[in-house]
Amino acid sequence: MTDALATPPVAPVAGDPPAAPVTPPAAAAPPAAPAAGDPPATPPAGDPPVSADWRSSITDPDAKEFATRLATPADAVKVALDLRRANSAMVKVPGKDASAEDRAKFHKAIGVPDKAEDYKFELGREPTEADKAIQGNLAKIAFENGIPAPAMTALSKAVSELAAAAKAEENRVAVAAREANEAALRKEWGADFDANKTLASRAVQAFGEVKSHPEVVEFFEKTIVNGQKLGDHPILMRMFGNIGRRMGEGEFIGAVGSEQRGSLQTELQQLMHDNPPGTEKYKNPAVQKRIGEINQALYGNESPRRLG
């Protein structure tokens, strides 16, 4: 049908030369084969070809399982690069054979000070001389073992707080024990409680020679027995109360301290001076009674010592 519709050839005009025949276009030449050794031609830009699963060449089970979390090889490269950057920022812990330089770098990186004196301690109060001595020893140990300065500061603060809490608990127990002991003694002594407590204090003053030895009071206040101060212990309070009562009643033999002893000896010497033995004054009943009281207080049942 195409041939039927084609335009018929025009007849040449008389006298014109015949038209030249139309030459059909030449067929396209086949692509030249690449020369031996030449790289393959780069494919034209466009969408990348669809290839097989890039994980198929992985044989290690763990590596293959990890690869399933990554969508493309580019993701794997990114993970590797991130890991490399993280590793470069890490500080390597020196082994037992590490050089002094490597150890120094590691210590500096984790915050170990340049010298032991640079450690800071937090006690929540001003340190005493004893505190400073302890801190010096701790700082030396911390420096030799590579303890970071912030860690040592935090540790000292925590220890101080724990010690304060322990002391507060100790005081609470002591107060509770004192109140319980006092309640028991009040029940036992009844109306005589205050008087007996005064007598006990008097006995401590006399036997402890508190005026010349104030450390006696500290001993009774700071010595803890079963969670209570020794001075508040009911056994001691009862004992010293009895001693004080006998001292007041003149029933306790030799119940005098050094201060009272000196006073009594001076009084006895004066009596003997004013009332010489063998005189009528010496035989006076009042003088004899007082000399007897002083001798009994000073020496008990022993013979009186020679005077002057």
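Not measured: the values here are computed from a predicted model.

Caption draft 1: Layout of the overall build of the chain. Broken down by element type, the chain carries twelve helices and two strands. Along the chain direction, N to C, the helices and strands of the chain fall in the order α-α-α-α-α-α-α-α-β-β-α-α-α-α. The buried share of the chain, taken over its 308 residues, is 21%. Intrachain contacts of the chain at a sequence separation of at least 6 include 54% that bridge at least 24 residues. A total accessible area of about 23,300 Å² is found for the chain, and carbon and sulfur atoms account for 59% of it.

Caption draft 2: Representation of the nonpolar core. Core analysis: the biggest nonpolar cluster contains ten residues, these being A200, A203, V204, V210, V216, F220, L230, L236, F240 and I243. Taken together, the elements giving at least two residues each to this core come down to helix 7 (193–208), helix 8 (215–222) and helix 9 (234–249). What F220 contacts, discounting residues up to four positions off in sequence, is V204, K229, L230, G231, L236 and F240. Residues V112, A116, F121 and M152 belong to the second largest nonpolar core, which totals eight residues.

Caption draft 3: Seen up close, a nonpolar patch on the surface. Residues I134, L138 and I141 make up a contiguous nonpolar surface patch of roughly 270 Å² in combined accessible area. Along the polypeptide, I141 turns up in helix 5 (residues 129–144). With a relative accessible area of 48%, I141 lands in the partly exposed category.

Caption draft 4: Structural view of the packing of aromatic side chains. Scanning the entire structure with this criterion turns up three aromatic pairs. Plain terms: the ring middles of W189 and F193 are 6.0 Å apart, the flat faces sit at 40° to each other, and that makes the pair tilted. One exposure class covers both W189 and F193, and it is buried. Site record: aromatic cluster; members linked through ring pairs are F219, F220 and F240.

Caption draft 5: Examining helix 5 more closely. For helix 5, with 16 residues, the first-to-last C-alpha span of 23 Å sits near the 22 Å given by 1.5 Å per residue. Listing the buried residues of helix 5 in full gives D131, Q135, A139 and A142. Buried residues in helix 5, looked at end-on, bunch into an arc of 70°, giving them a common side. Exposed and oriented more than 90 degrees from the buried face of helix 5 are E129, I134, N137, K140 and E144. Lining the buried residues of helix 5 we find helix 6 (149–189). Just beyond helix 5, the residue with positive phi is G146, at close to 65°.

Caption draft 6: The arrangement of the confidence of the model for the chain in detail. Residue-level pLDDT values for the chain average 79, and 75% of them are 70 or greater. Looking at the elements of the chain, mean pLDDT is at its lowest for helix 1 (residues 2–5), recorded as 46, and at its highest for helix 5, recorded as 95. Segment residues 1–7: pLDDT under 50, and zero contacts once partners within four positions in sequence are set aside and those in other chains are kept.

Caption draft 7: Representation of the pattern of salt bridges within the structure. Applying the stated criterion across every chain, the model contains 18 salt bridges. The closest approach of N and O atoms between K105 and E101, which form a salt bridge, is 3.6 Å. Linking K105 with E101, this pair stays in helix 4 (residues 100–110), spanning four residues, or about one helical turn. The residues K105 and E101 share a single accessibility class, namely exposed. Among the salt bridges present, the one from R178 reaches D232, with a minimum N-O distance of 3.6 Å. In this pair, R178 sits in helix 6 while D232 sits in the loop between strand 2 (228–229) and helix 9, placing the two residues 54 residues apart along the sequence. Given a relative accessible area of 30%, R178 falls into the partly exposed group. In the salt-bridge network here, residues are joined through shared partners; they are K78, D82 and R85.

The rules we used
- Residues numbered from 1 in each chain as written.
- Predicted model: local features only at pLDDT ≥ 70, side-chain atom pairs only at ≥ 80, totals over all residues.
- Heavy atoms only, no water.
- Helix = DSSP H or I, 4+ residues; strand = E, 2+ residues; numbered from the N terminus.
- Buried < 20%, exposed > 50% of the residue type's maximum accessible area, 1.4 Å probe, protein only.
- Contact = heavy atoms within 4.5 Å.
- Areas by Shrake-Rupley, 256 points an atom, 1.4 Å probe, with all protein chains shown as cover.
- Core = buried A, V, L, I, M, F, W, Y, C linked by side-chain atoms within 4.5 Å.
- Patch = residues over 30% accessible without salt bridge, like charges linked within 9 Å, V, L, I, M, F, W, Y side chains within 5 Å.
- Salt bridge = Lys/Arg side-chain N within 4 Å of Asp/Glu carboxyl O.
- Phe/Tyr/Trp six-rings, centres within 6.5 Å; stacked < 30°, edge-to-face > 60°.
- Expected span 1.5 Å × (residues − 1).
- Arc of directions from axis to C-beta.
- pLDDT = per-residue confidence, 0-100.

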